[in-house]
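Structural overview for review
Listed below, chain by chain, are the residues.
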Amino acid sequence: MSLTLWNSRFSITLVRQHTTIFTSARTALTENAINSSHLSQNFLQRRHFALNLMKTNTGGDGGRAPSNSRNPTNNQRGSSQPRYTRNASMSQGAAGGGIPFEHPHCDRIAMYDYESRRNRITRGPYDYDLIVIGGGSAGLACAKEAVACGARVVCLDYVKPTPLGTKWGVGGTCVNVGCIPKKLMHQASLLGEAVHEAAAYGWNVNEKIKPDWNKLVSSVQNHIKSVNWVTRVDLRDKKVEYINGLGSFLDPHTMTIKMKSGDRKITSQTFVIAVGGRPRYPDIPGAVEYGITSDDLFSLNREPGKTLVVGAGYIGLECAGFLKGLGYEPTVMVRSIVLRGFDQQMAGLVADSMEERGIPFLYQYVPLSVEKLSSGKLLVKYEHSQSGEVRSDTFDTVLWAIGRKGLVDDLNLANAGVHTFKDKIQVDSYEATNVPNIYAVGDIIYGKPELTPVAVLAGRLLARRLYGESTQRMDYTDVATTVFTPLEYACVGLSEEDAVKEFGADEIEVFHGYYKPTEFFIPQKSVRHCYLKAVAERHGEQRVYGLHYLGPVAGEVIQGFAAALKSGLTIKTLMNTVGIHPTTAEEFTRLNITKRSGLDPTPASCCS
């Protein structure tokens, strides 16, 4: 027994060591810099490999990464480049002087290409080395990193009030009207659910417990203001000049800034556009006058009451979810499909779980108009997109969640010669626009994940390439994400549909299963939609292409598996990993039934 335990620990340690090596090649090189001859040789070998691989994958272009089919931008540009290219040099490994390992989930070209633009910091005719436009996650990360590398940097930040008059401080969407307040309100709704479940666990609970919307909003806003303050102090401490003003281009090196004190003209050698986006409003009567968006919801000075949520993307579903948990009456209007861009089996389960909790969905309907009645209620008329049937209902609040628009209009990009596409900015794999000295990062760029951690890392890497010694580019593939619905959904990698589309149904194996969270047993919560699956290669090593999980604390569960997937996770490794019991995360290690087998994926027992 002791020998078996030792072997298990040894195997786990070995996997962890290999994972560290695979995901930290550049860190390892830095740490070994003492041996200069070894570093130089390794550098040249990796550079030679990267250039050869680029020639193989791009037809000798040598300057940009190959198209990746997971990037919708590349698909729309008509790329037919296969996603995973196998060649002799790819399999050489570290011993052969190539990239340490081959894995489909890491953009090895992005990680190891050494053809990169780098700006020399010159105290020339410009006021600044770098002007960062936008005080959100991407802009702040880029600005702080550039200053740390020795550049003279100024960060411009300005928030236009919403039609309702909502405005906020520095920090961008995530801090003020996105991830942070959303997660806090989601947590508030989960706590309300937990209070009622506590009675089943033996707690004496007052049945009159109910949420106080105004107190919740006040608590959330106080936290946001504290983050705004800390952010300003951090910028000051890191010597980043901050200007609260609206910038627009006069030419590729000059901007004018509109401030309360008047207009100011400044120049810079380089610009980084990181202005992000704002929610869209539909072009129907009453939409702007009477509707709100997520920009307003988290500071709304009244209870939302009966709410129509128009849109079934992750923002709409998350808002509907926590509103229901707080005791209000949301209804979700779906124009076409739920959670576009996500795995559709999982999306259907998310919607089903919300309907089970009492959230109605209006499928295939579009709003026609919003009218305010004398009672203060909002009369919404809407039409079925297939039958043409027109219906109406009254609501206290109408929340638009129909997508976001990039904030390019006020920048006067035409003066700088920067091209735009569908309210966004197209960039190459270096985040460079069509104008040599102008870059863009974050939600404003076209065809990349609109997520805070993506924006932060992309901003930092860009600054390090421009002003530091780094050559590493951002790897946008296989980014993990979570939808914070009442029953949370997290995923990383390919959806089942995308895997089938890319490799063919005969080459894909889907391991799946339902499970029963232990904490659901005593309060007798529904386990009907607790489900997970691994989308994998059918033959050979059975590499994992995607992981999907629907259940409690989904984000905490998927984060570690995301690192494993990026490091070469296979089904064999997954099945030979010992889970932590009893947890829901261990269910990934228990997957052994495939969809192709037709066997029942419902577990009979939790402990055997």
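Criteria and thresholds
- Residues numbered from 1 in each chain as written.
- Predicted model: local features only at pLDDT ≥ 70, side-chain atom pairs only at ≥ 80, totals over all residues.
- Heavy atoms only, no water.
- UniProt positions renumbered as here; feature names shortened; annotations may be inferred.
- Core = buried A, V, L, I, M, F, W, Y, C linked by side-chain atoms within 4.5 Å.
- Buried < 20%, exposed > 50% of the residue type's maximum accessible area, 1.4 Å probe, protein only.
- Contact = heavy atoms within 4.5 Å.
- Pairing = 2+ DSSP bridges.
- Helix = DSSP H or I, 4+ residues; strand = E, 2+ residues; numbered from the N terminus.
- Axes fitted to C-alpha atoms, helices over the stretch in contact; angles between N-to-C directions.
- Expected span 1.5 Å × (residues − 1).
- Polar contact = N/O pair within 3.5 Å; in protein donor to acceptor, adjacent residues only side chain to side chain.
- Patch = residues over 30% accessible without salt bridge, like charges linked within 9 Å, V, L, I, M, F, W, Y side chains within 5 Å.
- Areas by Shrake-Rupley, 256 points an atom, 1.4 Å probe, with all protein chains shown as cover.
- Salt bridge = Lys/Arg side-chain N within 4 Å of Asp/Glu carboxyl O.
- Left-handed = near helix turned anticlockwise from the far one by under 90°.
- Nonpolar A, V, L, I, M, F, W, Y, C, P; charged D, E, K, R; others polar.

For the protein chain, an unreviewed UniProt entry supplies the name thioredoxin-disulfide reductase (NADPH) and the organism Drosophila lebanonensis. According to its UniProt record, the protein chain has this under Subcellular location (unreviewed entry): "Mitochondrion". According to the UniProt record, the Sequence similarities (unreviewed entry) comment for the protein chain is "Belongs to the class-I pyridine nucleotide-disulfide oxidoreductase family."

1. Here we look at the nonpolar core
Counting residues in each nonpolar core, the largest one holds 64 residues, and the members touching the most others are L547 and F588. Excluding anything up to four places from it in sequence, L547 contacts A490, C491, V492, K533, A534, I558, F561, L565, L569 and F588.

2. Observations regarding the sheet that holds strand β12 (residues 365-372)
In space, the three strands of this open sheet follow the order β12-β13-β14, with antiparallel pairing throughout. Where the open sheet ends on each side, the last strands, each with one partner, are β12 and β14 (390-395). On average, each strand axis in the sheet is tilted by 25 degrees relative to the strand beside it, whichever way the strands run.

3. Notes on the sheet that holds strand β18 (residues 481-483)
Sheet architecture is open: five strands sit in the order β18-β19-β22-β21-β20, paired in antiparallel fashion. Edge positions in the sheet fall to β18 and β20 (508-514), since each of these pairs with one other strand and no more. Along the sheet, successive strands turn relative to each other by an average axial angle of 10 degrees, direction set aside. Two elements, strand β19 (residues 488-493) and strand β22 (residues 544-551), share six bridges in a ladder whose sense is antiparallel. Each bridged residue has a counterpart across the sheet, and for A490 the counterpart in β22 is Y549. In the packing of helix α16 (residues 496-503) onto the sheet, the strands contacted are β20, β21 (531-537) and β22, and the crossing angle to β20 comes to about 165 degrees.

4. Topic: helix α9 (residues 213-237)
In a regular helix each residue adds 1.5 Å, so 25 residues correspond to 36 Å; α9 covers 36 Å between its end C-alpha atoms and thus fits that length. Residues of α9 that are buried include every one of W213, L216, V217, V220, Q221, I224, N228, T231 and L235, and no others. You can read the cap of α9 off the contacts: a side-chain oxygen lies 3.2 Å from the backbone nitrogen of N214, and it is on D212. Looking one or two residues past α9, K239 carries a phi angle of roughly 65 degrees, positive in sign.

5. Examining a nonpolar patch on the surface
A contiguous nonpolar patch, built from Y201, W203, F521 and I522 and spanning about 470 Å² of accessible area, is present on the exposed surface. One can find I522 in the loop between β20 and β21. Looking at I522, the relative accessible area reads 48%, which means it is partly exposed.

6. Notes on the packing of helix α8 (residues 179-198) against helix α12 (residues 314-325)
At a minimum axis distance of 8 Å, the contact between α8 and α12 shows a crossing angle of 35 degrees. Considering how the two elements wind past one another, α8 and α12 form a crossing that is left-handed. The residues of α12 that touch α8, namely those facing K182, M185, H186 and S189, are E318, F322 and G325. Of the residues belonging to the contact of α8 with α12, the class tally is two nonpolar, three polar and two charged.

7. A short note on the pairing of β20
Extensive coverage of β20 is indicated by the burial of six of its seven residues. Strand direction decides the pairing type here: β20 and β21, joined by seven bridges, are antiparallel. Residue F511 lies in a different strand from β21, and its bridge partner there is A534.

8. With respect to helix α15 (residues 452-467)
Between its first and last C-alpha atoms α15 spans 23 Å; for 16 residues at 1.5 Å apiece the expected length is 22 Å, and the two agree. Every buried residue belonging to α15 is among V454, A455, V456, A458, G459, L461, L462, A463, R465, L466 and Y467, and all of these are buried. In this fold, the buried residues of α15 make contact with β1 (128-133), α6 (137-148), β6 (262-273) and β17 (438-440).

9. Some details on the side chain of S470
Its location among the elements puts S470 in the loop between α15 and β18. Looking at S470, the relative accessible area reads 12%, which means it is buried. Within the structure, S470 has its side chain in polar contact with the backbone nitrogen of Q472 (distance 3.1 Å).

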